[in-house]
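# A closer look at the structure
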Amino acid sequence: NPYTHVTPFQVVNPQPDLERARNFPINIPPTTEAVNLLCCIPRGHMTLAAHIPMPIVASGTEMQMGFEVANNSSAQVNSVVLKVKEKVIACAEGERETRTVVIAENRILAATIPGVQAKDSHNRQELRQAKMGTLVPSQSMKQQYISCGLPAAALESYSGRLISVAHSVELLLDTGTFVSDPTVAADVFVYRQQGAGYAPPPVTGVYQQQQQPQQPFVAPSAPPVPPGWNPVTAPTTYQDQPSTNVATSTGGGAPTVEDLVASLEDSFDAIADTEKWVQAGGGATFTPNDLARIMSSVKLKLAQPLVMHALMQAPGARAITCEHVVSAARASEEAARGDVARQMGPYCVDKQNAIQRVKPFLSPFQWTLVSPTFQ
């Protein structure tokens, strides 16, 4: 048949329950994979685990993943790669067509990530212990983070009789040519936020729909006003809503900590909101309680260290003490306390008190990583 009729259409799902989704994070359990050269020469093994804060993510937003790596092999990891894949399955007239594409990807260098460095290939005893699984570096408990931005035009996840759209996230350790790459993956649900429109592609088939003639505008009719009708309009009251823009203050001056806390409680991009707050002049001074309130207001606990990094660009960061570090760390997620303290260590004015004040609130492994920033 030389004629083709193409009609674009859009599949739209109901808005997901975000509050319920936050209670069901995706935890990918640790997976140990053998690392081989040319498929048959053993090089040891690697252990990789990851987790995603929420099982759903909106198109046009940032997707974050936390991961842990223990490299018990002599293979060198070049980079850590995060990919988001979109798989579309179409069925019609007994035919089935599948299309899988990578809609988002990010790559970070692995040279500075603890636990990723290769073991010394000349140390036979260390390699023998690694192959037996008895040597697990303490760095394997170090939580690392990677993120990538989903395109606004990403399709929504959907399952139907004719069309199905599935999304998955994949974390890969790139070990170079001829060496196997350890990988973990999980399924995620992608949705489109309310108000985010999608323009369908233009029709390019041979057959084109005819344009319908424009109908003249007809104003809606209403019943006649009864005689003597004199309605009384009640006065309306309007209360100004608090501004969600952290770059401005409701008082007209520099934004305050209260402005930032109010914004973070309703925000899904705490890092960007904090950066805007600092650029607008916020953070001239900090009290220990200010930093604790800010850390407690960050919804995505994985973002707490990056939020603290943004706060340390404010003028008030030049006068923080160990009391500030302890207060912020105690208000943070237990697994993120070490990273939060690491962001604050270089700016602390009483580093000599860190052993007595900061160390008791961190785990031994966290203090091992944090202590160099207080020297």
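Let me begin by describing the structure that accompanies this report. Since the model is a prediction, treat every value here as computed from it, not as a measurement.

## A closer look at the pairing of strand β6 (residues 95–109)
With 14 bridges joining them, strand β5 (residues 79–92) and β6 adopt antiparallel strand pairing. Looking across to β6, one finds that K87 is bridged to T100. The hairpin turn running from β5 into β6, its antiparallel successor, is 2 residues long, and E93 in that turn takes a positive phi close to 55°.

## What to know about the packing of aromatic side chains
Per the stated rule, a full pass over the model turns up 2 aromatic pairs. Between W277 and F286, the ring centres sit 6.3 Å apart and the planes meet at 35°, which makes this aromatic pair tilted. Grouping residues by exposure puts W277 and F286 together as buried.

## Section: the environment of R337
Position of R337 relative to the elements: it lies in helix α8 (residues 337–344). Given the relative accessible area of 22%, R337 is considered partly exposed. Considered as a pair, R337 and S363 are 26 residues apart in the sequence and their alpha carbons are 9.0 Å apart. When neighbours within four sequence positions are excluded, R337 is seen to be in contact with A329, R330, S332, F361, L362 and Q366.

## Things to note about the pattern of salt bridges
Taken as a whole and assessed by the stated rule, the structure comprises 6 salt bridges. The shortest N-O distance in the salt bridge between D174 and R107 comes to 3.1 Å. In this pair, D174 sits in strand β9 (residues 163–174) while R107 sits in strand β6, placing the two residues 67 residues apart along the sequence. When its relative accessible area of 45% is taken as the criterion, R107 is described as partly exposed. A salt bridge links R357 to E323; the nearest nitrogen and oxygen atoms lie 2.8 Å apart. One end of the pair, R357, is in helix α9 (residues 354–357); the other, E323, is in helix α7 (residues 322–330), and 34 residues separate them in sequence. Looking at E323, the relative accessible area reads 38%, which means it is partly exposed. A network of salt bridges, in which partner residues are shared, links E105, R107 and D174.

Rules used throughout
Residues numbered from 1 in each chain as written. Predicted model: local features only at pLDDT ≥ 70, side-chain atom pairs only at ≥ 80, totals over all residues. Heavy atoms only, no water. Pairing = 2+ DSSP bridges. Helix = DSSP H or I, 4+ residues; strand = E, 2+ residues; numbered from the N terminus. Phe/Tyr/Trp six-rings, centres within 6.5 Å; stacked < 30°, edge-to-face > 60°. Buried < 20%, exposed > 50% of the residue type's maximum accessible area, 1.4 Å probe, protein only. Contact = heavy atoms within 4.5 Å. Salt bridge = Lys/Arg side-chain N within 4 Å of Asp/Glu carboxyl O.

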